[in-house]
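# Breakdown of the fold
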Amino acid sequence: MPRIAYINGRYLPHSEAAVHIEDRGYQFADGVYEVCEIRHGMIVDLTRHLDRLDRSLSELAIRRPMSRPALSQVIREVCRRNRVKNGLFYLQVTRGVARRDHVYPSADTPPSLVISAKITDPAVIAKKNETGMKAITMPDNRWDRVDIKTVGLLPNAMARQAAKDKGAQEAIYVDASGMVTEGAATNVWIVDKDGVLVTRPAERGILRGITRTGLMDVTSELGVKVEEREFSRDEMLSAREVFITAATSICFPIVEIDGQPIGNGHPGAMAERIRTSFFDVAEKTVI
Ligand code: PDD
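As recorded in an unreviewed UniProt entry, the chain goes by Probable branched-chain-amino-acid aminotransferase and comes from Peteryoungia algae. Listed under Sequence similarities (unreviewed entry) in UniProt, the entry text for the chain is "Belongs to the class-IV pyridoxal-phosphate-dependent aminotransferase family." As its UniProt record puts it under Function (unreviewed entry), the chain is described as follows: "Acts on leucine, isoleucine and valine."

Right, here's the structure in full:
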């Protein structure tokens, strides 16, 4: 069955789905995106993802491509056409097509909307949760508007590649004062030496992850206290547990950073406890 993508009003096989050479996403990374998990035929936390999309669009003064009910209709149709029970959808909005010029095109230029979906294997994810993942640290070399989910991801791609080259799966950014910001495509959490669950405040230096917000709901249901404060690379290396969160991974344990084992070198109990309750607490939208 060929994968089907939605592109500017049409549902097309991937092989035929293409954007114009002067799309501003292609030339200037002038666009934003969302990635959202689908589990057991249900979209996870759709409202929050679409709220963040609205925020990203308004921060960059990009027009909304369509109303929210229409957008969620198209998203669900893409998921249905690709028969995704477990997987992800990817949604991207750019400022549209215009003759190349750094200055924004006229306000009536239609934005470009692309939505695709893919199936993932729950067994592969379960295996990563069982064995844990390795990470490296590296200096945070990104711009200071990482709160906007833009498609300008070259530093993130370079960071993930650097991790891969060292046999790791994630790169964790550290700012100039030695404080952890976030992963190349994840938020970072630790269980500190006193057993307290800690994550960086989202006001500065990171993307406010939807999974991060969802985990806050889970911890309050479970009665687990979360401290939102900055923590250093050194504190992370001596933490009892480290885990990373994103719509693609929910809650992956990190068992080794820069070659040093974290805690006892095995996935921790906190990550597992939170992950187990995540889907019960999250908003679910039937495809
Ligand atoms: N990335 N920080 C960054 C830099 C991210 O790119 C992401 C998500 C997150 C976690 O956000 P959320 O919980 O809303 O997925 C944090 C997506 C999954 C990606 O680029 O594929």
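Having seen the structure, we can now continue with the description.
Of note, the phi angle at His40 is positive, near 50°, even though the residue is not glycine. By the secondary structure assignment, His40 is in the loop between strand 3 (31-39) and strand 4 (42-44). A positive phi angle is found at Arg83, which is not glycine, with a value near 50°. Tracing the backbone shows Arg83 in the loop between helix 3 (68-81) and strand 5 (87-94).

Right, let's get into helix 6 (residues 210-222). Its 13 residues place the ends of helix 6 19 Å apart at the C-alpha level, agreeing with the 18 Å of an ideal helix rising 1.5 Å per residue. Of the residues making up helix 6, those classed as buried are Ile210, Thr211, Arg212, Gly214, Leu215, Met216, Val218 and Thr219. At its buried positions, helix 6 is contacted by helix 2 (46-59), strand 10 (187-191), strand 11 (197-199), strand 12 (226-228), strand 13 (241-245) and helix 8 (269-281). Backbone geometry just after helix 6 places Gly223 at a positive phi near 75°.

Taken together, 21 residues surround the ligand, and among them Tyr33, Glu182, Ile210, Thr211 and Ala247 come closest. Separating an oxygen atom of the ligand from a backbone N or O atom of Ala247 is a distance of 2.8 Å. Contact with the protein chains hides 91% of the accessible area of the ligand, taken as 470 Å² for the molecule alone. Elements with a contribution of two residues or more to the shell around the ligand: strand 3, helix 2, strand 9 (180-183) and helix 6. Within the shell around the ligand, the residues separate by chemical class into eight nonpolar, nine polar and four charged. Structurally, the shell around the ligand is a two-domain feature, drawing no fewer than three residues from each of domain 1 (4-120) and domain 2 (125-286).

Turning to the side chain of Thr181, a few remarks are in order. With respect to the secondary-structure elements, Thr181 resides in strand 9. Its relative accessible area of 5% is what places Thr181 among the buried residues. Within the local environment of Thr181, its side chain forms a polar contact with the side chain of Asp140, the two groups lying 2.7 Å apart. Excluding residues that lie within four positions of it along the chain, Thr181 makes contacts with Asp140, Arg142, Tyr173, Val174, Asp175, Arg200, Gly205 and Ile206.

This part covers the nonpolar core. One finds Ile43, Ile75, Phe89, Leu91 and Ile115 to be the most contacted residues of the largest nonpolar core, which totals 25 residues. At the level of elements, strand 3, helix 2, helix 3, strand 5 and strand 6 (112-119) are the ones that each hand at least two residues to this core. Of the residues forming this core, the biggest block, five residues, is contributed by helix 3. Excluding its chain neighbours within four sequence positions, the residues that come into contact with Ile75 are Ile43, Leu46, Leu50, Phe89, Leu91 and Ile115.

What follows covers the state of the cysteines. Inspection of every chain in the model, using the stated rule, returns zero disulfides. Take Cys79: it sits in no disulfide, and the sulfur closest to it among the cysteines is that of Cys36, at 8.2 Å. Residue Cys79 is classed as buried on the basis of its relative accessible area, which comes to 1%.

Let us look at the environment of Arg80. By the element assignment, Arg80 lies in helix 3. Judged by relative accessible area, Arg80 falls into the partly exposed class, the value being 34%. Separated by 117 residues in the primary sequence, Arg80 and Leu197 place their C-alpha atoms 38 Å from one another. Look past the residues within four positions of Arg80 in its chain and what remains in contact with it is Gln73 and Ile287. Only 2.8 Å separates the side chain of Arg80 from the side chain of Glu77, close enough to count as a polar contact.

On domain assignment, one finds that the chain holds domain 1 (4-120) and domain 2 (125-286). Domain 1 and domain 2 are separated by 26 Å when their C-alpha centres are compared. Between domain 1 and domain 2, the residue contacts involve 28 residues of the former and 26 residues of the latter. Summed over both sides, the interface of domain 1 with domain 2 buries roughly 2400 Å², with 60% coming from carbon and sulfur. Broken down residue by residue, the surface that domain 1 buries against domain 2 is led by Tyr33, Arg48 and Arg52, which jointly contribute 27%. Here domain 1 and domain 2 share three salt bridges between them. In this structure, the connection of domain 1 to domain 2 is made through twelve residue pairs in polar contact (both at pLDDT 80 or more). Only strand 3, strand 4, helix 2 and strand 5 provide two or more residues apiece to the side of domain 1 that touches domain 2.

Calculation rules
- Residues numbered from 1 in each chain as written.
- Predicted model: local features only at pLDDT ≥ 70, side-chain atom pairs only at ≥ 80, totals over all residues.
- Heavy atoms only, no water.
- UniProt positions renumbered as here; feature names shortened; annotations may be inferred.
- Helix = DSSP H or I, 4+ residues; strand = E, 2+ residues; numbered from the N terminus.
- Expected span 1.5 Å × (residues − 1).
- Buried < 20%, exposed > 50% of the residue type's maximum accessible area, 1.4 Å probe, protein only.
- Contact = heavy atoms within 4.5 Å.
- Near = heavy atom within 4 Å.
- Polar contact = N/O pair within 3.5 Å; in protein donor to acceptor, adjacent residues only side chain to side chain.
- Areas by Shrake-Rupley, 256 points an atom, 1.4 Å probe, with all protein chains shown as cover.
- Nonpolar A, V, L, I, M, F, W, Y, C, P; charged D, E, K, R; others polar.
- Domains from an automatic or database assignment.
- Core = buried A, V, L, I, M, F, W, Y, C linked by side-chain atoms within 4.5 Å.
- Disulfide = S-S within 2.5 Å.
- Buried area = accessible area lost by both parts, 1.4 Å probe.
- Salt bridge = Lys/Arg side-chain N within 4 Å of Asp/Glu carboxyl O.

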